[in-house]
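Single-letter residue listing:
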Amino acid sequence: MPYTKRRRLVSSAVAVTLGATALAACGSESGDDGDARSGPVSLTYWTWAPGMDKVVDLWNKGPGKKEQITVTVKKQASGDTLVTKILTAHKAGKAPDLVQAEYQALPTLVSNDALADIGDGVGDAKSKFAEGVWQQTTLGTDAVYAVPQDIGPMMFYYREDLFEKYGLTVPTTWDEFAETARKLKKVAPDTDLTTFSANDSGLFAGLAQQAGAQWWTTSGDRWKVGINDGATKKVAEFWGGLVEEGAIDNQPMYTPAWNKALNTGKQIAWVSAVWAPGTLTTAAPDTKGKWAMAPLPQWNAGESRTGSWGGSSTAVTTDSGNKDAAAKFAAWLNTDGDALNALAKEGGIYPASTSAQLSGAFTSPPEYFLNQPDFYQKAAEIAETTAPSAWGPNVNVAYTTFKDAFGAAAKNTSDFTAALDTMQEDTVADLKKQGFGVAE
């Protein structure tokens, strides 16, 4: 089907601040607007990224020294743990100046008035990012709630040697993917093309995103949940059908059994993201140099779209008394060449900045993929095709229900669409419980 840009995620700043979220009650009044400094400024940055202190040292010894802006890193846990901690600190008016936030967490933080609009403080940062990536930090409004840092464009990984051995062709559409799985089962019954893993909701969300899903949108001043929309049902029916007929495995990823299957060639492909080489290095060490990467299969021949699995941004909190200074650092961290090279070296991130995706650490392929010299060139091309996402204020609830409902469906090879309906129902019920207006 032709690609249609999604509707605005939130119709206005008011629409986002209607109620509390599942993580915490609504926050306190925001801090002073703009930059309150009259001399040297000290900022605190909460982040989980490895090696961030070394990256920040570049700022403190260079641009920060000139600007009299010093940043101190405070390492934190990631995921919901950090979101909860930010909201708790904000409720007391003591949130840090800057926070690292996953894209799907931004609506939760914005709905609690925890993040400032830094659009006036980040200069021309927007021009450094693909449209679909930048959109995740604006929530479809004219505001800018963060600067993109790293992204996880999705792609298809496969054992090049075993595809040749079994006479398989790299699928370019999902129909071809299904036929490839079936053909493999005929020539090698003990081998699986891949597995449907119900232990990572981010994978399914990315696949739905590629298909055009819009899980959270707004209708007037109400949230509208579309987790069981047509696009997502298509994805659920596709993967559920393959599991039910036994064309693919139904075991979770990141287990010793999964690692062994990859390492021994009992599973010969993986739908993953740009960070997969790091995982394969430890999961399947004996197969180094035998894998290749290609774009995700498409729903219609000739299309070029991918989903996103993972990624985070740098945001400024409403509690900061030096928002302009904090925004200036956030923009530098995620657009400056030296900073991005350091982020790649110290933190192993794949940058959201398009210019950084083909420079510095990304001019040579990952060591695990030395057999594919154009690995990062292909990755950059794929990243440009990232479809817009549509996150809401209770992603954590939807993800938890996914693991429960889809976990049971995958184990029992039962109806995936019924699991999807459960996800929809639980997410809507939670929004209502937390006081959000919900459009049916």
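Residues numbered from 1 in each chain as written. Predicted model: local features only at pLDDT ≥ 70, side-chain atom pairs only at ≥ 80, totals over all residues. Heavy atoms only, no water.

*Asks:* Where do I start with the nonpolar core in this structure?
*Replies:* Grouped burial of nonpolar side chains is what soluble globular proteins tend to show. Ranked by internal contacts, the top residues of the largest apolar core, which has 147 residues, are F196, W215, W216, W239, V271 and F406. When residues no more than four places from it in sequence are discounted, the contact partners of V271 are M154, M155, F156, W174, F177, T194, L203, L207, W239, L296 and W309. (Core = buried A, V, L, I, M, F, W, Y, C linked by side-chain atoms within 4.5 Å. Buried < 20%, exposed > 50% of the residue type's maximum accessible area, 1.4 Å probe, protein only. Contact = heavy atoms within 4.5 Å.)

*Asks:* Is there a simple way to think about the pairing of strand 6 (residues 222-225) in this case?
*Replies:* Taken residue by residue, a regular strand's side chains alternate between the two faces of the sheet. Burial along strand 6 is one-sided: W223 and V225 are buried, while R222 and K224, pointing the other way, are not. Across 4 bridges, the pairing between strand 5 (residues 216-219) and strand 6 is antiparallel. In the strand pairing of strand 6, T218 is matched with W223. Between the antiparallel neighbours strand 5 and strand 6 lie 2 residues, among them G220 with a positive phi of about 65 degrees. (Helix = DSSP H or I, 4+ residues; strand = E, 2+ residues; numbered from the N terminus. Pairing = 2+ DSSP bridges.)

*Asks:* Just to check I follow, could you spell out the domain arrangement of the chain for this structure?
*Replies:* Frequently, the measure chosen for interface size is the accessible area removed from exposure when the parts meet. Taken domain by domain, the chain holds domain 1 (41-151 + 311-362) and domain 2 (159-308 + 388-434). Listed per partner, the contact involves 11 residues of domain 1 and 10 residues of domain 2. Of the roughly 870 Å² buried where domain 1 meets domain 2, counting both sides, 58% is carbon and sulfur surface. Per-residue buried area on domain 1 facing domain 2 is highest for Q104, P107 and Q136; these three make up 46% of the total on that side. Between domain 1 and domain 2 we count 0 salt bridges in total. Counting every contact that joins domain 1 to domain 2 gives 4 residue pairs in polar contact (both at pLDDT 80 or more). Breaking the side of domain 1 that touches domain 2 down by element, the ones donating at least two residues are helix 5 (106-111) and helix 6 (131-138). Tallied by class, the residues present in the side of domain 1 that touches domain 2 amount to 4 nonpolar, 6 polar and 1 charged. (Domains from an automatic or database assignment. Buried area = accessible area lost by both parts, 1.4 Å probe. Salt bridge = Lys/Arg side-chain N within 4 Å of Asp/Glu carboxyl O. Polar contact = N/O pair within 3.5 Å; in protein donor to acceptor, adjacent residues only side chain to side chain. Nonpolar A, V, L, I, M, F, W, Y, C, P; charged D, E, K, R; others polar.)

*Asks:* Sorry, what's going on with helix 8 (residues 174-187) here?
*Replies:* Every α-helix winds through 3.6 residues per turn, so residues three or four apart in the chain are directed the same way. Across its 14 residues, helix 8 extends 20 Å between first and last C-alpha, which sits within 8% of the 20 Å expected from 1.5 Å per residue. Looking at helix 8, one finds that the buried residues are W174, F177, A178, T180, A181 and L184. Projected down its long axis, helix 8 carries its buried residues within an arc of 160 degrees, all on one side. Of the exposed residues in helix 8, the ones pointing more than 90 degrees away from its buried face are D175 and K186. Looking at the buried residues of helix 8, the elements they touch are strand 4 (147-159), helix 7 (160-165), helix 9 (201-210), helix 10 (230-245) and strand 7 (269-273). (Expected span 1.5 Å × (residues − 1). Arc of directions from axis to C-beta.)

*Asks:* Honestly, the packing of helix 10 against helix 17 (residues 416-433) in this entry has me stumped. Any pointers?
*Replies:* Helix packing for two helices is described by the angle between their axes and how far apart those axes are. Taken N-terminus to C-terminus, the directions of helix 10 and helix 17 make an angle of 140 degrees; their axes are 8 Å apart at the nearest point. The angle between helix 10 and helix 17 falls in the class oblique. Together, T232, K233, A236, E237, W239, G240 and V243 of helix 10 and F416, T417, L420 and D421 of helix 17 make up the contact between the two elements. (Axes fitted to C-alpha atoms, helices over the stretch in contact; angles between N-to-C directions. Parallel < 35°, antiparallel > 145°, perpendicular 65-115°, else oblique.)

*Asks:* Where do I start with unusual backbone geometry in this structure?
*Replies:* Leaving glycine out, the prevailing phi sign among residues is negative, and the prevailing peptide bond configuration is trans. Although it is not a glycine, D113 adopts a positive phi angle of roughly 60 degrees. By the element assignment, D113 lies in the loop between helix 5 and helix 6. We note that L139 has phi near 55 degrees; this positive angle belongs to a residue other than glycine. Position of L139 among the secondary structure elements: in the loop between helix 6 and strand 4.

*Asks:* Teacher, can you tell me more about the packing of helix 2 (residues 52-61) against helix 14 (residues 337-347) here?
*Replies:* Across the interface, helix 2 lies against helix 14 with an axial gap of 9 Å and an inter-helix angle of 165 degrees. In this view, helix 2 runs roughly antiparallel relative to helix 14, as classed from their interaxial angle. When you trace helix 2 past helix 14, the crossing you get is right-handed. Each of M52, K54, V55 and L58 in helix 2 lies in contact with helix 14, whose residues at this interface are D338, A339, A342, L343 and E346. (Left-handed = near helix turned anticlockwise from the far one by under 90°.)

*Asks:* Just to check I follow, could you spell out the pairing of strand 7 for this structure?
*Replies:* Counting buried positions along strand 7 gives 5 out of 5 residues, so the element sits mostly inside the fold. Burial of strand 7 is two-sided: the residues A269, V271 and A273 facing one way and the residues W270 and S272 facing the other way are all buried.

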